[in-house]
Amino acid sequence: MNQTDSSSGTFRKNIVPGLRVLVVRKQDQRSGKTTEGVVRDILTSAAVHTRGIKVRLTSGEVGRVREILGGQE
């Protein structure tokens, strides 16, 4: 995925609470399995993170954003 793509989860400015995203949880990093959910909290303070911005979903799961799916809910 292109780093400048607005659907990229590597830029903190692209992530806001309420956004529907695909994340990779810590335990799924080896398999690359993604989990879909809605962002509740942004946990990464850096502006950019190469492996994805870490977020907490409304379900309570924590993972790094792999892809942004859609607008706020």
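Residues numbered from 1 in each chain as written. Predicted model: local features only at pLDDT ≥ 70, side-chain atom pairs only at ≥ 80, totals over all residues. Heavy atoms only, no water.

Enquirer: What is the right way to read the overall build of the chain from this model?
Expert: If you tally the helices and strands in the chain, you get 0 helices and 4 strands. Traced from its N-terminal end to its C-terminal end, the chain shows the element sequence β-β-β-β. Scored against the burial criterion, the 73 residues of the chain give a buried share of 38%. Intrachain contacts of the chain at a sequence separation of at least 6 include 48% that bridge at least 24 residues. For the chain, the computed accessible surface area is about 4400 Å², with 46% contributed by carbon and sulfur atoms. (Helix = DSSP H or I, 4+ residues; strand = E, 2+ residues; numbered from the N terminus. Buried < 20%, exposed > 50% of the residue type's maximum accessible area, 1.4 Å probe, protein only. Contact = heavy atoms within 4.5 Å. Areas by Shrake-Rupley, 256 points an atom, 1.4 Å probe, with all protein chains shown as cover.)

Enquirer: Sorry if this is basic, but what is going on with the pattern of salt bridges here?
Expert: Any two side chains of opposite charge can pair, so long as their charged atoms come close to each other. Scanning the model with the defined rule gives 5 salt bridges in all. Residue Arg20 is joined to Glu36 by a salt bridge in which the shortest nitrogen-to-oxygen separation is 2.9 Å. With Arg20 in strand E1 (residues 19–25) and Glu36 in strand E2 (residues 35–42), the pair connects residues that are 16 residues apart, well separated along the chain. Note that Asp41 and Arg40 form a salt bridge whose closest N and O atoms lie 3.4 Å from each other. What makes Asp41 partly exposed here is its relative accessible area of 29%. Connected through shared salt-bridge partners, Arg25, Asp28 and Glu61 make up one network. (Salt bridge = Lys/Arg side-chain N within 4 Å of Asp/Glu carboxyl O.)

Enquirer: Sorry if this is basic, but what is going on with the confidence of the model for the chain here?
Expert: Detailed reading of predicted coordinates is not advised where the pLDDT is low. Mean pLDDT over the chain stands at 90; residues scoring 70 or higher make up 88%. For the chain, the element scoring lowest by mean pLDDT is strand E4 (residues 62–72), at 90; strand E3 (residues 54–57) scores highest, at 98. (pLDDT = per-residue confidence, 0-100.)

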